[in-house]
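# Structural overview for review
Chain by chain, the residues run as shown.
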There are 2 protein chains.
Amino acid sequence: MNGKVNPYEVEGRIDYDKLIKDFGVKKITPEILKEIEKIAGELHPYLKRGIFFAYRDLKKVLDEYKKGNKFFLYTGRAPSGPIHLGHISVWIFMKWLQDKFGVEVWFQFPDEEKFLFKQDSNWEEIQKWLHENMLDVIALGFDPKKTHFLIDTQHAGIMYPEAVKVAKKITFSSIKAAFGFNDSNNIGSIFYTAMQTVPVFLPNILKNEKRPCLIPLGIDQDVHFRLSRDVVEKLGYEKPAIIHARFMPPLTGVEGKMSSSNPDSAILMTDSPEEVKRKVNKYAFSGGRDTAEEHRKHGGNVEIDIACQWLKYFEYDDKKLEKIYEDYSKGKLLSGEVKKILIGKINEFLTEHQKRRKLAEKLIPKFIYKI
Amino acid sequence: MNGKVNPYEVEGRIDYDKLIKDFGVKKITPEILKEIEKIAGELHPYLKRGIFFAYRDLKKVLDEYKKGNKFFLYTGRAPSGPIHLGHISVWIFMKWLQDKFGVEVWFQFPDEEKFLFKQDSNWEEIQKWLHENMLDVIALGFDPKKTHFLIDTQHAGIMYPEAVKVAKKITFSSIKAAFGFNDSNNIGSIFYTAMQTVPVFLPNILKNEKRPCLIPLGIDQDVHFRLSRDVVEKLGYEKPAIIHARFMPPLTGVEGKMSSSNPDSAILMTDSPEEVKRKVNKYAFSGGRDTAEEHRKHGGNVEIDIACQWLKYFEYDDKKLEKIYEDYSKGKLLSGEVKKILIGKINEFLTEHQKRRKLAEKLIPKFIYKI
């Protein structure tokens, strides 16, 4: 049995092959990777390692690109808490796409979403997180000339009129079926998916173009677009292409999804080196044996060892990663040693990130789309 | 049995006393009229004649006014077709209130409403009607310094963030109960009432004040605010006061409500004098007898005679109106003669209106609220 995977719940062990079937998406093939490599000159480790593993309509987007019609990228973040390492894998990959393909990024901050979906959420609190979250996105190094933030409550003037056109084509029945809502859902949460659909075509309206839209996202968000791809087409726009990421597992084990509301399961972008060390050492689920002796003898299980799994995200050198996996499997590397490697990699990354995060403050106005 | 009365259907014979009970509103009393007269120096004929007949919280608003805290007025028009005489009675009364009480008018044009509720409606068509409808409102003579148009698709930037706060407090169950919606309603129509609630408190946010809000409206619109009055209070604002108008009957008889979609039932603001004459003579339901002879003998029925009923709206001189009613009841006046009087009054009014309507074009920018 598969765990739950939808925008409001990700639980249990996730069978990605089953998701591909259930969601009706396609698995990324070596042929597609070759296509991407041909254009980009290289493959991002997240592609080689299957972190991005599925897609919709990606081939069309690549074909258009080869004809000279560049796509734009769209993703988003609903602010309500701090950014953690689980959030950024999609964005790191987007930045790579932006660099390699020279494309625009449209980044939506639907700052009403969590307000509508979490009963105890607070408007001012969310606005604070919006600000904090923008800093983290900017710190990842997106090109300010080619990156546009759409903030639902600040850009409602251009978004709501388009959302209305989307909304007219979606019944509450469809929403119920797609998201499992019921009659006690509030009417804002029911309408919300229309706002999330708008950036699929708004950039083309604003710039009077007909570029394809490519959405990199965690597979839990796929349902929003499963619902709206047909709607968008009925409105006369191309269906967006999608490339789906797996979830980065929580520190505490390979099931479910990392979450800021469980601080033991996640490392935040603002965590200090000591905090990173403490969390990894204390909480990272180990694939090792009960004793060092047994481990040396029988080896560890990289598949469930979180330090090994997380290194897929931080050790870009394939050979080094392979060596770590091999040594760990054979018992040459102990759990504590792999943890130490991971801590080093994360802290190297976060030190740099936190430096750029400080400079991001004054870049915010450059990123917010000017109406 | 009472006819149907809700924002999406008004049908049959309407028992206004029953509506007062069903909706939980209060009947306007001679005491309240005296209060208004004391401040205004006179009473508008529509008050004396019971065209405005019910209210919520009106006394509070008058008390605040006497203490020096002026209310603001809020009403609206969902564009989708031409304005007819049935629409304007509420607005004529509002203009009188504006003049006599020196208050602001906030006029909402929810230009997404009919788009969402009428399957075959067309966006561009509605935008055309928005423009036409604004001309008619302006032509009624509102003070451009004290009158602000809020157009949902143009002011979504300031309205949507507030609508979200309203929407969080309304479940789909409440919407179903209030409007009779079901699961095949589109998600935009479900959200819409939140947008209609916003002008209840937005003017105070924009101007950092705490004025009471008074909403003059046709009683069919009451349900929007029945639903949202509690919500508004939960958000920390005062419940709006409401003053309710009866429906001006269609030309074709005293049942239901005038409608542009049945052109025989309505006279449009742009109708020519000949058109007015033709429509009244051809369609105005007569309360007279089968022959002139019988009529002279037994008299006519003013209660069902549309010409008589409509004169309540156009003959402001109480004595003249009384005389017409008396003469018609006694058979001294024939149906054709009352129609002639009505045609004269309407054409006098429309000639003046159409003159001002031409000048309204260049006033539009003065009326649209500047963000």
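Residues numbered from 1 in each chain as written. Chains lettered and ligands numbered in written order. Predicted model: local features only at pLDDT ≥ 70, side-chain atom pairs only at ≥ 80, totals over all residues.

### Re the packing of helix 10 (residues 187-197) of chain B against helix 12 (residues 222-234) of chain B
All names here are of chain B. One can describe the packing of helix 10 onto helix 12 by two numbers: an axis separation of 10 Å at closest approach and a directional angle of 65°. Taken together, the axes of helix 10 and helix 12 are roughly perpendicular relative to one another. Our pair here, helix 10 against helix 12, has a crossing hand that is right-handed. For the pair formed by helix 10 and helix 12, the contact residues are T193, Q196 and T197 on the first element and H224, L227, S228, V231 and V232 on the second. Residue composition of the contact of helix 10 with helix 12, by class: three nonpolar, five polar and no charged. (Axes fitted to C-alpha atoms, helices over the stretch in contact; angles between N-to-C directions. Helix = DSSP H or I, 4+ residues; strand = E, 2+ residues; numbered from the N terminus. Parallel < 35°, antiparallel > 145°, perpendicular 65-115°, else oblique. Left-handed = near helix turned anticlockwise from the far one by under 90°. Contact = placed C-beta atoms within 7 Å. Nonpolar A, V, L, I, M, F, W, Y, C, P; charged D, E, K, R; others polar.)

### Section: the relation of the copies chain A and chain B
Of the transformation placing chain A onto chain B, the axial shift is 0.0 Å and the rotation is 180°, giving an RMSD of 0.0 Å. Here the copies are linked by what is in effect a two-fold axis. By C-alpha distance to the rotation axis, the residue of chain A lying nearest is G157 of chain A, at 1.9 Å. When the interface residues of chain A are mapped onto chain B, 100% of them again fall at the interface, so both copies present the same face. (Least-squares fit on C-alpha atoms with pLDDT ≥ 70 in both.)

### Topic: unusual backbone geometry
Of note in this structure, D57 of chain A is not a glycine but carries a positive phi near 55°. Since 19 C-beta atoms lie within 10 Å of it, D57 of chain A is described here as partly exposed. At N208 of chain B, a residue that is not glycine, the phi angle is positive and equals roughly 50°. Within the secondary structure layout, N208 of chain B lies in the loop between helix 11 (202-207) and strand 8 (213-218). (Buried ≥ 20, exposed ≤ 12 C-beta atoms within 10 Å, placed from the backbone.)

### Concerning the interface of chain A and chain B
Every contact between the two is made by 27 residues of chain A and, on the other side, 27 residues of chain B. The set of elements that each furnish at least two residues to the side of chain A that touches chain B consists of helix 6 (113-117), helix 8 (152-167), helix 9 (172-179) and helix 10 (187-197) of chain A. The dominant element in the side of chain A that touches chain B, judged by the number of residues it contributes, is helix 8 of chain A, at seven residues. Residues of the side of chain A that touches chain B, tallied by class, amount to 14 nonpolar, eight polar and five charged.

### Brief notes about the sheet that holds strand 5 (residues 72-76) of chain B
As a general point, the strands of a sheet are linked pairwise by backbone hydrogen bonds and lie either parallel or antiparallel. Residues and elements named next belong to chain B. The strand order across the open sheet formed by seven strands is 3-4-9-8-5-6-7, and the pairing between neighbours is mixed. With one partner strand each, in any of the chains shown, strand 3 (26-27) and strand 7 (147-151) form the two edges of the open sheet. Sheet topology places strand 8 next to strand 9 (residues 241-245); five bridges connect them, and they run parallel. From the neighbouring strand, L214 faces strand 9, where its bridge partner is A241. (Pairing = 2+ DSSP bridges.)

### So, the nonpolar core
Core analysis: the largest hydrophobic core is formed by 206 residues, its most contacted members being I187 of chain A together with I187 of chain B. What I187 of chain A contacts, discounting residues up to four positions off in sequence, is A167, I170, F172, I175, I190, F191 and A194 of chain B. (Core = buried A, V, L, I, M, F, W, Y, C linked by C-beta atoms within 7 Å.)

### A few points about helix 16 (residues 318-329) of chain B
All names here are of chain B. With 12 residues, helix 16 extends 16 Å between its outermost C-alpha atoms, agreeing within 8% with the 16 Å of an ideal straight helix rising 1.5 Å per residue. Among the residues making up helix 16, those that are buried are I324, Y325 and Y328. The buried residues of helix 16 all sit within an arc of 95° when viewed along its axis, so they share a single face. The exposed residues of helix 16 that point more than 90 degrees off its buried face are D318, K319 and E322. If you follow the buried residues of helix 16, they end up packed against helix 15 (306-314) and helix 17 (335-360). In the segment just after helix 16, G331 is the residue with positive phi, at about 85°. (Expected span 1.5 Å × (residues − 1). Arc of directions from axis to C-beta.)

### Overview of the sheet that holds strand 7 (residues 147-151) of chain A
All names here are of chain A. Across the sheet, seven strands lie side by side as 3-4-9-8-5-6-7; this open sheet has mixed pairing. With partners counted over all chains shown, the strands left at the sheet margins are strand 3 (26-27) and strand 7, one partner each. One ladder, built from two bridges, connects strand 5 (residues 72-76) with strand 8 (residues 213-218); its direction is parallel. Directly across from L73, in strand 8, lies its bridge partner L214.

### Some words on the environment of G41 of chain B
Residue and element names in this part refer to chain B. Examined against the element boundaries, G41 turns out to sit in the loop between helix 2 (30-40) and helix 3 (45-48). Among the residues examined, G41 registers 8 C-beta atoms within 10 Å and is labelled exposed. Along the primary structure G41 and K100 are separated by 59 residues, whereas in three dimensions their C-alpha atoms are 8.1 Å apart.

### Some words on the domain arrangement of chain A
Residues and elements named next belong to chain A. Under the domain assignment used here, chain A contains domain 1 (4-252) and domain 2 (271-358). Taken together, the 12 residues of domain 1 in the interface contact 12 residues of domain 2. It is helix 7 (residues 123-139) that contributes the most residues to the side of domain 1 that touches domain 2, three residues altogether. By residue class, the composition of the side of domain 1 that touches domain 2 is seven nonpolar, three polar and two charged. (Domains from an automatic or database assignment.)

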